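The lines below spell out each chain.
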Amino acid sequence: MHTIEQGEADETTHRVGEMTTDTRAPREAGDDELDSADSYWIDAVQRAMRPAPAVLDEYTIATTARSARGISGDLSDVTVDSQRGYATVTVGDVMGKGLASGVLAANLLGSLEVFRQEPPGEAVDAAETATRDHFERASAFATLFHARLRFRDGRIEFVDAGHGLTAHAHTTGAVERIPSADFPIGLQPAGIPRLPRILHLAPGSCS
């Protein structure tokens, strides 16, 4: 889960690049059966699928993740392009659990990384094309939220491919849920483009 918050316009100091990640899996009956080496590699894979710390001016991006158990298809990323003045935020989930879901998640995240300089709609279309065969052969799909935050005015351009868990908290205290408008990755008909949408972060609001 990510939250993006724009600082108050009259603040003299800003919370810069604050990111927290909790990848500890709660212990359940049977956890002792996991070999220590297996646990080490599972933790390593899950950590690799989490975003690295980012440094931003006037914005705070906080992230937290908690796996139920073992490898999953959860994926997330935050990248900052200081020269172009924007950050790209990605949250997604491949159906199912286990190594297969983790591999598909890594493929999807890697494809989005290749196209991260493209606008969200084009990046998601290109990443889906690159991974379509993998998802079809696995009879799987993934939900995905992929967005670009423009620093100078708080404009967020995003694609929600079946994720449907985005919310925009306004400075008035009202919380607006942002529903999904597209099919998940792997289910969007070929040749039909994604529908990028726009929202704006005012000082003090978050999404």
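Definitions and cut-offs
Residues numbered from 1 in each chain as written. Predicted model: local features only at pLDDT ≥ 70, side-chain atom pairs only at ≥ 80, totals over all residues. Heavy atoms only, no water. Helix = DSSP H or I, 4+ residues; strand = E, 2+ residues; numbered from the N terminus. Phe/Tyr/Trp six-rings, centres within 6.5 Å; stacked < 30°, edge-to-face > 60°. Lys NZ or Arg CZ within 6 Å of the ring centre and 35° of its normal. Core = buried A, V, L, I, M, F, W, Y, C linked by side-chain atoms within 4.5 Å. Buried < 20%, exposed > 50% of the residue type's maximum accessible area, 1.4 Å probe, protein only. Salt bridge = Lys/Arg side-chain N within 4 Å of Asp/Glu carboxyl O. pLDDT = per-residue confidence, 0-100. Contact = heavy atoms within 4.5 Å. Expected span 1.5 Å × (residues − 1). Bend = angle between axes of the 7 residues up to and from the residue.

Before going further, it helps to spend a moment on the overall build of the protein. Within the protein, the secondary structure is distributed over three helices and nine strands. Shown N-terminal to C-terminal, the secondary structure of the protein runs as helices and strands in the order β-α-β-β-β-α-α-β-β-β-β-β.

Glancing now at unusual backbone geometry. Phi is mostly negative for residues that are not glycine, and the peptide bonds are mostly trans. At Ser139, a position not held by glycine, the phi torsion is positive, near 50 degrees. Inspection of the secondary structure puts Ser139 in the loop between α3 (120-137) and β5 (142-150).

What follows covers the packing of aromatic side chains. Enumeration according to the criterion identifies one aromatic pair in this entry. For Arg148, the ring lying beneath its charged end belongs to Tyr86, and the centroid distance is 3.9 Å.

Turning next to the nonpolar core. One finds Leu75, Val94, Leu108, Phe135, Leu144 and Ile185 to be the most contacted residues of the largest nonpolar core, which totals 16 residues. Of all elements in the fold, only α2 (99-114), α3, β5 and β6 (155-161) reach the threshold of two or more residues within this core. Top contributing element to this core by residue count: α2, with five residues. Listed in part, the 14 residues of the second largest apolar core include Tyr59, Ile61, Val78 and Ala147.

Turning next to the pattern of salt bridges. Within the structure shown, the criterion is met by five salt bridges. For Glu113, the salt bridge identified is with Arg116, shortest N-O distance 2.8 Å. The salt bridge involving Arg155 is made with Glu157; its shortest N-O contact spans 3.5 Å. We classify Arg155 as partly exposed; its relative accessible area is 23%.

Next up on the list: the confidence of the model for the protein. Averaged over the protein, the pLDDT score is 77; the fraction of residues at 70 or greater is 69%. Note that pLDDT drops below 50 for residues 8-34; the model gives that stretch 54 contacts with residues more than four away or on any other chain.

What follows is about α3. Over its 18 residues, α3 runs 25 Å from end to end, which matches the ideal 26 Å to within 8%, given 1.5 Å per residue. At Thr131, α3 shows its strongest bend, of approximately 55 degrees. What α3 keeps buried is the set Pro120, Gly121, Ala123, Val124, Ala127, Glu128, Thr131, Arg132 and Phe135. Considering only its buried residues, α3 is in contact with β4 (86-97), α2, β5 and β6. Phi turns positive, to about 50 degrees, at Ser139, one or two residues after α3.

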